[in-house]
Amino acid sequence: MKDKIFAGLLLLSILLQGCDNQTTQASTAGNDTERKIDALLKQMTLEEKVGQMNQISFSGENGKVRELVCKGEVGSILNITDPDMINSLQQVAMEESRLKIPLIIGRDVIHGFKTIFPIPLGQAASFDPQLIEDGARIAAIEAASTGINWTFAPMIDIARDPRWGRIAESLGEDPYLTSVLGAAMIKGFQTDELDGPTAIAACPKHFVGYGAAEAGKDYNSTFIPERLLRNVYLPSFEAAVKAGAATFMTSFNDNNGVPSSGNKFILDQVLRKEWAFDGFVVSDWTSIAEMISHGFCKDGKEAAEKAVNAGVDMDMVSELYVKHLKELLQEGKVKQSTIDDAVRSILRIKFRLGLFDNPYISTDAKEVIYAEEHLQKAKEAAIESAILLKNEANILPLGDHIKTIAVIGPMADAPHDQLGTWIFDGDKNHTVTPLKALQQQYGDKIRILYTQGTAYSRDMETNGIPAAVSIARSADIVLAFVGEESILSGEAHSLSNLNLQGVQSELIEAVAKTGTPVVTIVMAGRPLTIGRDAEHSKAVLFNFHPGTMGGPAIADLLFGKAVPGGKLPVTFPKTVGQIPLYYAHNNTGRPYQGGETLLNDIPSEAGQTSLGNTSFHLDAGVEPLYPFGYGLSYTTFEYSNLRLSNTQMTASDVLNVSVDITNTGNYDATEIAQLYVQDCFASVTRPVKELKRFDHIPLKAGEKKTTTFTLPIAELAFYNIDMKKIVEPGDFNLWVGPNSQEGLKASFVVN
Ligand code: NOJ
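All of these numbers come straight from a predicted model, not from anything done at the bench. (Residues numbered from 1 in each chain as written. Predicted model: local features only at pLDDT ≥ 70, side-chain atom pairs only at ≥ 80, totals over all residues. Heavy atoms only, no water.)

## Things to note about the nonpolar core
Counting 115 residues, the largest nonpolar core has I77, F207, F248 and Y321 as its most contacted members. In this structure, I77 is in contact with Q55, I56, F58, V65, V69, L89, L103, I104, I105 and G106, ignoring residues within four places of it in sequence. Of all hydrophobic cores here, the second largest spans 46 residues; its members include I408, A468, V482 and V522. (Core = buried A, V, L, I, M, F, W, Y, C linked by side-chain atoms within 4.5 Å. Buried < 20%, exposed > 50% of the residue type's maximum accessible area, 1.4 Å probe, protein only. Contact = heavy atoms within 4.5 Å.)

What follows is the structure, encoded as structure tokens:
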């Protein structure tokens, strides 16, 4: 049947040849899909071509959408999730429209569809590509069962500013970690067979630099010079292309004066020419029209012209291509070949997704949603994503001596808020909260007292605190569940103050004063400045919003059925004034030496130079609250015997780095060992450390293992003073350790 349709199309195309003066890509010859695309293109009217470049948001079926699909004036719909409606619109596309081109159906499936996994920043704390791939796979299976075939994920923006609400959706601050985990997510969504029944197209976003918004304020301008762009912000996107990402999304920000949706350098030069990307690029939501507000275009027509000429193939809901491309073509401001190339890219992905062969979903496949194995995987992800920040006197895990627990705090039983941002399709009725999990698992053995203390994270009311103090007095331990409501992070939800909101800190302090030890469990969408709260707590377990199964995961961690192993994918500042604060910074000419005089130690009328002229904040020093890569376990690990296969290398060599790691504590556990490198002297200044490898090392109590990292020296290349990506010969330092601040050190030379 399929073959007959295409034989027909080919014949038609031969008959129509000459009617259309489009150019075709040289590379198309010999490739079956490309031939089919060419055949289709030859039959398409300009309106139908522009239709493919038009994405609309579904706002309920009112006949209008059906009509647009029927006329071929829309290529993609987002925000439609009713499988029957999707099937019915696909049917219009496939049976009633002239050229029978299927729709691509987009949705923000970010950290789960129905079964919600930890927010991406939490997943990143697992440092576990397989876990992340599995999570994306489950999200894809659930989403595909409703007819969604395209997700706007992963978000692989490098995020170094916790004020920025979208840090929640990121994989953290590090280019290497983000590259590895982003590629894993793409594989999970797409699999190796994009036309498989449960594969959905990925859309790495936001291209590019969005995470560097000034002041961490969403949508704000960025000023990333080309070298920094290439060394820090582009690598995760290049890795995404290598992982086979089908589509890309432009970002909202203007970088150095050029909004991404009008940025030919990034879209054409870098993405198409340097990386040979052959999928399609969609704008972000109205980001083409927003180039008018940016002051980059005077009206919608100019915005359409700049976007299409820059390389944005599909317009997400601005509808400016539909309005203006025809006229722009007639005026010679946009070339036919530009439009054809955009349509070709869109059709290519529709072919690769297998949509021409089977655009429909079988609506009896719905039982995959909230499947038991999905919930179990979500729990596993929440366990691996939890980060133990403090555990004084090994107060955790809770032992048999605990007979009464006081559970307090606004996040103990907040089924909506623990799901985190971007859960359009998640349902809080399926959430298992920590309170519920503790009651279910331990309610018959342990007395569990509960009062919120404060109703929600921003609540300023202190009336509830005395009740919390009262149950704290009767308990052996306080479990204080604090953090952020989900609405406080995510798109457009930036903050300038990262302390616990409302009266949560007062609540912790008040219960701590009872003398009953406090374990603070944080659930939040970003790093928080919780130094004061940590001081009042014997232990701190940090969970970036952990999703549907956060409760059982946390219960297992608290009672030692699981051992925390997550590591921070982002630096935690002590105070907002330290931001931006990230481990891979360059050195100043006057690095902090340690021992400088801090604010409270300065004598009055101190002399101008008495404090030491180095780079630090008088009131905060230079240290973060917790560094990148940090995270404790219930056991302890010792690193020893670091050795390199060779200390004299060339750029084409491969360095083997071995280290012994011993589990010196009492629990079987997994350590995430991290390898960092510093290029000591170069034609441009280089970061003091860069993560180059990490590995999970499972170790039984008392066990010792040797782990070996393989590092091709070619991976030390960077964009140098001549904007060439090369390994510059010279001295290098290397560390292997448990986080970005500790580790064994060695050195080598590249000749
Ligand atoms: C705007 C967001 O920036 C983007 O990430 C998202 O995919 C689109 N809206 C579609 O919802």
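## So, the site of the ligand
As a matter of local geometry, the ligand sits amid 13 residues, with D108, R166, K205, H206 and D284 nearest to it. Here an oxygen atom of the ligand and a side-chain polar atom of R166 are 2.6 Å apart. One of the side-chain nitrogen or oxygen atoms of K205 is found 2.8 Å away from an oxygen atom of the ligand. Isolated, the ligand exposes 300 Å² of accessible area, and the fraction of that covered by the protein chains is 95%. Looking at the shell around the ligand, its residues break down into 7 nonpolar, 1 polar and 5 charged. (Near = heavy atom within 4 Å. Polar contact = N/O pair within 3.5 Å; in protein donor to acceptor, adjacent residues only side chain to side chain. Areas by Shrake-Rupley, 256 points an atom, 1.4 Å probe, with all protein chains shown as cover. Nonpolar A, V, L, I, M, F, W, Y, C, P; charged D, E, K, R; others polar.)

## A few points about the environment of A168
Take A168: it is sitting in the loop between β4 (150-151) and α8 (175-190). Residue class for A168 comes out buried when judged on its relative accessible area of 0%. Distance in space between the C-alpha atoms of A168 and N646 is 40 Å, their sequence separation being 478 residues. If we skip the residues at most four places from it in the chain, A168 touches I119, P120, L121, T421, S489, G490 and G525. (Helix = DSSP H or I, 4+ residues; strand = E, 2+ residues; numbered from the N terminus.)

## Some details on empty space enclosed by the protein
Summed over the entire model, instances satisfying the criterion amount to 2 cavities of 30 Å³ or more. In this structure, the largest cavity spans a volume of roughly 50 Å³. Residue lining of the largest cavity: I110, H111, G112, F117, Q123, I132, G135, A136, A139, M185 and F189, and that is the complete set. Elements with a minimum of two residues in the lining of the largest cavity: α7 (129-144) and α8. Looking at which element gives the most residues to the lining of the largest cavity, the answer is α7, with 4 residues. Here the residues of the lining of the largest cavity sort into 7 nonpolar, 4 polar and no charged. Size it by volume and the second largest cavity reaches roughly 30 Å³. (1 Å grid on protein atoms, 1.4 Å probe; cavity = no way out; pocket = protein on both sides within 12 Å on 5 of 7 lines; lining within 4 Å. Points joined across faces, edges and corners; volume = space filled by probe spheres on them.)

## Digging into the domain arrangement of the protein
Interfaces are often sized by the amount of accessible area the parts lose when they come together. Partitioning the protein into structural domains gives domain 1 (372-558) and domain 2 (637-750). Centre-to-centre, using C-alpha coordinates, domain 1 lies 35 Å away from domain 2. (Domains from an automatic or database assignment.)

## So, the packing of helix α17 (residues 434-442) against helix α21 (residues 550-558)
For the pair α17 and α21, the least separation of the axes is 7 Å and the interaxial angle reads 55 degrees. By the angle between their axes, α17 is oblique relative to α21. Considering only the axes of α17 and α21, their crossing is right-handed. Every residue of α21 that contacts α17 at P434, A437, L438, Q441 and Y442 is listed here: G551, P552, I554, A555 and D556. Partitioning the contact of α17 with α21 into residue classes produces 7 nonpolar, 2 polar and 1 charged. (Axes fitted to C-alpha atoms, helices over the stretch in contact; angles between N-to-C directions. Parallel < 35°, antiparallel > 145°, perpendicular 65-115°, else oblique. Left-handed = near helix turned anticlockwise from the far one by under 90°.)

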